[in-house]
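Structural overview
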Amino acid sequence: MKQEELIALIPCAGTGERYGQIIPKQYSEINGKTILEHTLQPFINSKRINKIVLIAKASDTMIEAYQKLSAKIIIKKVGGDTRAQSVRNGLQAIKCQSNVWVLVHDAARCCLTEDLLNKLITEVSDDEVGGILAAPATDTVKYTIKNVAIEIDRTIPRERIYLAQTPQMFRYNTLLQALSLDNLTQITDEASAIEMLGLKVKVVESCISNIKVTNPIDRIIAEVLLKSEK
Ligand code: CTP
Ligand code: MG
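This text gives an overview of the structure that appears in the document.

Definitions and cut-offs
Residues numbered from 1 in each chain as written. Chains lettered and ligands numbered in written order. Predicted model: local features only at pLDDT ≥ 70, side-chain atom pairs only at ≥ 80, totals over all residues. Heavy atoms only, no water. Helix = DSSP H or I, 4+ residues; strand = E, 2+ residues; numbered from the N terminus. Rg over C-alpha atoms; globule rule 2.2 N^0.38 Å. Buried < 20%, exposed > 50% of the residue type's maximum accessible area, 1.4 Å probe, protein only. Contact = heavy atoms within 4.5 Å. 1 Å grid on protein atoms, 1.4 Å probe; cavity = no way out; pocket = protein on both sides within 12 Å on 5 of 7 lines; lining within 4 Å. Points joined across faces, edges and corners; volume = space filled by probe spheres on them. Nonpolar A, V, L, I, M, F, W, Y, C, P; charged D, E, K, R; others polar. Pairing = 2+ DSSP bridges. Axes fitted to C-alpha atoms, helices over the stretch in contact; angles between N-to-C directions. Expected span 1.5 Å × (residues − 1). Near = heavy atom within 4 Å. Polar contact = N/O pair within 3.5 Å; in protein donor to acceptor, adjacent residues only side chain to side chain. Areas by Shrake-Rupley, 256 points an atom, 1.4 Å probe, with all protein chains shown as cover. Sits in = over half its atoms within 2 Å of the grid points. Disulfide = S-S within 2.5 Å.

Digging into the overall build of the protein
- For the protein, the helix and strand inventory stands at 6 helices and 11 strands.
- In terms of overall size, the protein behaves like a compact globule, its C-alpha atoms giving a radius of gyration of 18 Å where 230 residues would be expected to give roughly 17 Å.
- Viewed in the frame of its principal axes, the protein has a C-alpha envelope of about 55 × 40 × 35 Å.
- Relative to its full complement of 230 residues, the protein shows a buried share of 44%.
- Of the contacts made within the protein by residues no fewer than 6 positions apart, 68% connect residues no fewer than 24 positions apart.

Below, the structure is given as structure tokens:
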């Protein structure tokens, strides 16, 4: 049976403000390689992924160097002001069939393993809508309100709390439709936009090791995780 085409779409147009370095965080190094190089590895290695689209800012001068890493890589310098805009612009910039699967993955989520990537693909390929990797919460979850201080409003049953990660896998046409909705300024992942269409997104159980490098402390965690994967 011929396998369906799968496209990875990696938004790389952020500045990494919380990470606190002068260069965008995807270009800073961990264990001798840039975060983006680590991030690309499972997609380059996976036989299931046919194309890898990198979405960078128009002014980005560092992204071209990544072309040589794999013949699967396509660079589109169409990044927007928000992540949702970057992904939407990236979708509009590529030519593909309208029902092709697209896996959107953060440039800064550099500890994804090929096993987790393949698990997502296997478990979502026969879903109607699509799905995401997410890790079950392990801490007790407090829903808070802010008065003079931050106070607990209530405790949320932990069994139902999953922390959304990437890749997030949806059909091209559904994703583009969702990301063309108004009021996307607050959303930080693709699933949120799909939910706004009223569709049900599948959760594929992941592991907290699939971290996103966000704050400076995450570099230390990623350093250890990347060493342990080797
Ligand atoms: N991203 C993007 N376009 C934007 C904003 C973010 O392509 N306008 C990308 C980032 O490059 C990153 C992913 O979305 O790969 C996840 O975003 P985040 O971790 O928030 O990265 P930054 O926005 O770069 O970091 P910060 O919010 O700390 O500035
Ligand atoms: Mg951001």
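What about the layout of surface pockets?
- Its volume calculated, the largest pocket comes out at about 860 Å³.
- Contributing to the lining of the largest pocket are 30 residues, with Gly14, Arg18, Lys25, Arg83 and Lys212 lying nearest its centre.
- Those elements that place two or more of their residues in the lining of the largest pocket are helix H2 (83-93) and strand S10 (162-171).
- For the lining of the largest pocket, the leading source of residues is S10, giving 4 residues.
- Of the residues assigned to the lining of the largest pocket, the class counts are 8 nonpolar, 12 polar and 10 charged.

Quick word on unusual backbone geometry
- In this structure, Pro167 follows Thr166 across a cis peptide bond, with omega equal to 10°.
- In this fold, Pro167 is placed in strand S10.
- A positive phi angle is found at Asn31, which is not glycine, with a value near 50°.
- Structurally, the position occupied by Asn31 is in the loop between strand S2 (29-30) and strand S3 (33-34).
- With relative accessibility at 35%, the residue Asn31 sits in the partly exposed group.

Concerning the sheet that holds strand S4 (residues 51-55)
- The strand order across the open sheet formed by 7 strands is S5-S4-S1-S6-S10-S7-S11, and the pairing between neighbours is mixed. The outermost strands of the open sheet, each flanked by one partner alone, are strand S5 (73-76) and strand S11 (202-205). Strand-to-strand, the axes of this sheet are offset by a mean angle of 25°, without reference to chain direction.
- As paired elements, strand S7 (residues 130-136) and S10 share 6 bridges and run antiparallel to each other.

Focus: helix H6 (residues 217-229)
- An ideal rise of 1.5 Å per residue puts 18 Å on 13 residues; H6 measures up with 19 Å between its terminal C-alpha atoms.
- The elements touched by buried residues of H6 are S2 and helix H1 (35-45).

A word on the site of ligand 1
- In the vicinity of ligand 1 there are 18 residues, among which Pro11, Gly16, Glu17, Ser86 and Lys212 approach most closely.
- One of the backbone N or O atoms of Gly80 is found 2.9 Å from a nitrogen atom in ligand 1.
- Contacts to ligand 1 include Asp81, whose backbone N or O atom sits 3.2 Å from a nitrogen atom.
- Its free accessible area being 560 Å², ligand 1 has 87% of it covered by the protein chains.
- Of the pockets mapped on this structure, ligand 1 occupies the largest pocket.
- Looking at the shell around ligand 1 residue by residue, the class counts come to 5 nonpolar, 6 polar and 7 charged.

Regarding the pairing of strand S8 (residues 141-146)
- Across 6 bridges, S8 lies against strand S9 (residues 150-156) in antiparallel orientation. When the bridges of S9 are listed, Tyr143 appears paired with Arg154.
- Hairpin connection, S8 to S9: the antiparallel pair is bridged by 3 residues.

What to know about the state of the cysteines
- Inspection of the entire model under this criterion finds 0 disulfides.
- Cys110 forms no disulfide, and the closest cysteine sulfur to it belongs to Cys111, at a distance of 4.1 Å.
- Residue classification places Cys111 among the buried positions, given a relative accessible area of 2%.

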